[in-house]
Amino acid sequence: MIDLLDKFDAIAGERQAYLDAGGRDPVGVVMSKVLSPTRAVINGRETILMGTYNYMGMTFDPDVIAASEAAVRDFGAGTTGSRSLNGTYTSHRECEAALKDFYGTRHGMVFSTGYQANLGVVSTLAGRGDYVILDADSHASIYDGCSMGNADVVRFRHNSVEDLDKRLGRLPAEAGKLVVLEGVYSMLGDIAPLAEMVAVAKRHGAMILVDEAHAMGFFGEHGRGVTEAAGVEDQVDFIIGTFSKSVGTVGGFCVSNHPKFEALRLVCRPYVFTASLPPSIVASSAVSIRKLMHDTAKRARLWDSTRAMHAGLKARGFTLGTATAESAIIAVLMPDQATTLAMWQALLEHGVYVNFARPPATPTGTYLLRCSLCAEHTPEQIAAILRQFDAAAAAVGLRLAVAA
Amino acid sequence: MPARETIYARIVDLIGPLNKKAVPLAEDTSFSNDLEMDSLTVMDLVANIEDEWDIVLPLNMLPELETIGQVADAVAKLTK
């Protein structure tokens, strides 16, 4: 018998060797207590969370929690069914209504996760003979949506308007085309030049999907995302998003003004063939989405903290993924895996949690310590994190640029 | 239309900078097994090949293109 797990020996061995040498597992962090959107207990130590995508700090919002508690009491723990069968409650409809109000769109469809929303929408929209044109740095869920579908898949160089134009120009004029973009790219925290890309895509007759997972809640006047901030809402055909970041729960969605949009509920397999979200989740998500529509003070706090953190790291000589704070993600570029792991561990041991990221999740050859800010981070927490970055860099011998 | 030998020779040139371990390159050299390229590197190489001949080599074709010879055949077909 061939052991089908043998093919993973190399990656499992690499991890084991690291653990045997006393390293702490970067994919094995356990939180034994969560104290707030920015604080948790890890390894018995109170830790500042700086890598949770909990941008708007909604996880402990009292109204969100109250809605969740009421729904679990009144509608039970789960739906035990697909949206298409017994899994649609009033609260699922109310959640979709909240999304439609938030985005100002005619249609909204809730999936069980953001991953499934991309998997379902990308694989269903583009069929045999159609083309999906995606950014090289697209999220795994977009690549997987391509693998699941039957369309031909064309990849353009990250954020290059010129490369997108060139590759679209090579495709048959009569073929169906779906250009897939992200507002914020989650590894380096850079944003897409959406106005230019949308214009190019439209000129080639493509439909456009924008994933706003890391932008919802704090980009644009209504917090709708980079699409709104770039002024191209009326030209984007589909917006994909998630509840597991700014909304503070879990789930995914697609909103659109396309008159035929509702047909997707009949044909999108990751929507049909899975159980719907529990009532507590859709009820709390709806409350959170409606609160996010108006929370301009919180948005301003998030941007202030992000700029302070970016400026602080830059002044200390760290190399960052973007020259200025483009989003609420700040990626610290590291030289190699060993230094990244050592520094990640040093930060954790001093009470700061950030994300360790390596290829192939990151662009080729890049090792990162990735920070994501929360509107609830205090100036004191930011100052403490910056101190720990200094200390950790010194402890692992990371060479820093001369302070500007 | 360029000749198959010309295409093969140019693909070998394009692989050069990515061939970190200086593996000898031949028709049956495999991208994953011999050159140990990860999926991102392969996709970057595909982008360069597309630009070289102004063709579309969709990512969903990649599972069929395991060796340098197979890629040369695919490019020859697309440039006909």
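Structure shown above.
I will try to describe carefully the structure that is included in this document. (Residues numbered from 1 in each chain as written. Chains lettered and ligands numbered in written order. Predicted model: local features only at pLDDT ≥ 70, side-chain atom pairs only at ≥ 80, totals over all residues. Heavy atoms only, no water.)

### Notes on the environment of Gln388(A)
All names here are of chain A. You can see Gln-388 is positioned in helix α14 (residues 379–396). In the structure, Gln-388 is positioned 37 residues away from Gly-351 in sequence and 8.3 Å away in space, judged by C-alpha atoms. Among all residues touching Gln-388, those that are not within four sequence positions of it are Leu-347, His-350 and Val-352. (Helix = DSSP H or I, 4+ residues; strand = E, 2+ residues; numbered from the N terminus. Contact = heavy atoms within 4.5 Å.)

### Section: the layout of surface pockets
Rolled over the atoms, a probe as big as a water molecule pinpoints where empty space is left. Approximately 320 Å³ is the volume found for the second largest pocket. The wall of the second largest pocket is formed by 15 residues, among which Leu18(B), Lys20(B), Glu36(B), Met37(B) and Thr41(B) lie closest to the centre. (1 Å grid on protein atoms, 1.4 Å probe; cavity = no way out; pocket = protein on both sides within 12 Å on 5 of 7 lines; lining within 4 Å. Points joined across faces, edges and corners; volume = space filled by probe spheres on them.)

### Examining helix α2 (residues 62–75) of chain A
All names here are of chain A. The end-to-end C-alpha separation of α2 is 20 Å, in line with the 20 Å expected for 14 residues at 1.5 Å each. Near the N-terminus of α2, the side chain that reaches the backbone nitrogen of Asp-63, with its oxygen 3.0 Å away, is that of Asp-61. Looking at the residues trailing α2, positive phi occurs at Gly-76, about 95 degrees. (Expected span 1.5 Å × (residues − 1). Polar contact = N/O pair within 3.5 Å; in protein donor to acceptor, adjacent residues only side chain to side chain.)

### Focus on the sheet that holds strand β11 (residues 329–334) of chain A
Hydrogen bonds along the backbone pair up the strands of a sheet, which may run parallel or antiparallel. Residue and element names in this part refer to chain A. The strand order β11-β14-β13 describes an open sheet built from three strands, whose pairing is antiparallel. Each end of this open sheet is capped by a strand with a single partner; those strands are β11 and β13 (355–357). Here the average twist between neighbouring strands, direction ignored, is 25 degrees. Relative to strand β14 (residues 367–372), β11 runs antiparallel, the two being bridged by six bridges. Note that in β14 the partner of Ile-330 across the bridge is Cys-371. Running at roughly 30 degrees to β14, helix α13 (residues 337–349) makes contact with β11, β13 and β14 of the sheet. (Pairing = 2+ DSSP bridges. Axes fitted to C-alpha atoms, helices over the stretch in contact; angles between N-to-C directions.)

### Details of the interface of chain B and chain A
With 14 residues of chain B in contact, the opposing surface of chain A contributes 18 residues. Of the roughly 1,300 Å² buried where chain B meets chain A, counting both sides, 48% is carbon and sulfur surface. Inspection of the region where chain B meets chain A yields seven salt bridges. A salt bridge links Arg167(A) to Asp51(B); the nearest nitrogen and oxygen atoms lie 2.8 Å apart. Counting across the interface, chain B meets chain A through twelve residue pairs in polar contact (both at pLDDT 80 or more). Of the residues that constitute the side of chain B that touches chain A, the class distribution is seven nonpolar, three polar and four charged. (Buried area = accessible area lost by both parts, 1.4 Å probe. Salt bridge = Lys/Arg side-chain N within 4 Å of Asp/Glu carboxyl O. Nonpolar A, V, L, I, M, F, W, Y, C, P; charged D, E, K, R; others polar.)

### A few points about empty space enclosed by the protein
Residues and elements named next belong to chain B. Using the criterion set out here, one finds three cavities of 30 Å³ or more in the structure. Of the volumes computed, that of the largest cavity is approximately 70 Å³. Along its surface, the largest cavity is lined by Phe-31, Val-42, Leu-45, Val-46, Ile-49, Leu-57, Leu-62, Leu-65 and Val-71. Ranked by residue count, the leading element in the lining of the largest cavity is helix α2 (residues 39–53), at four residues.

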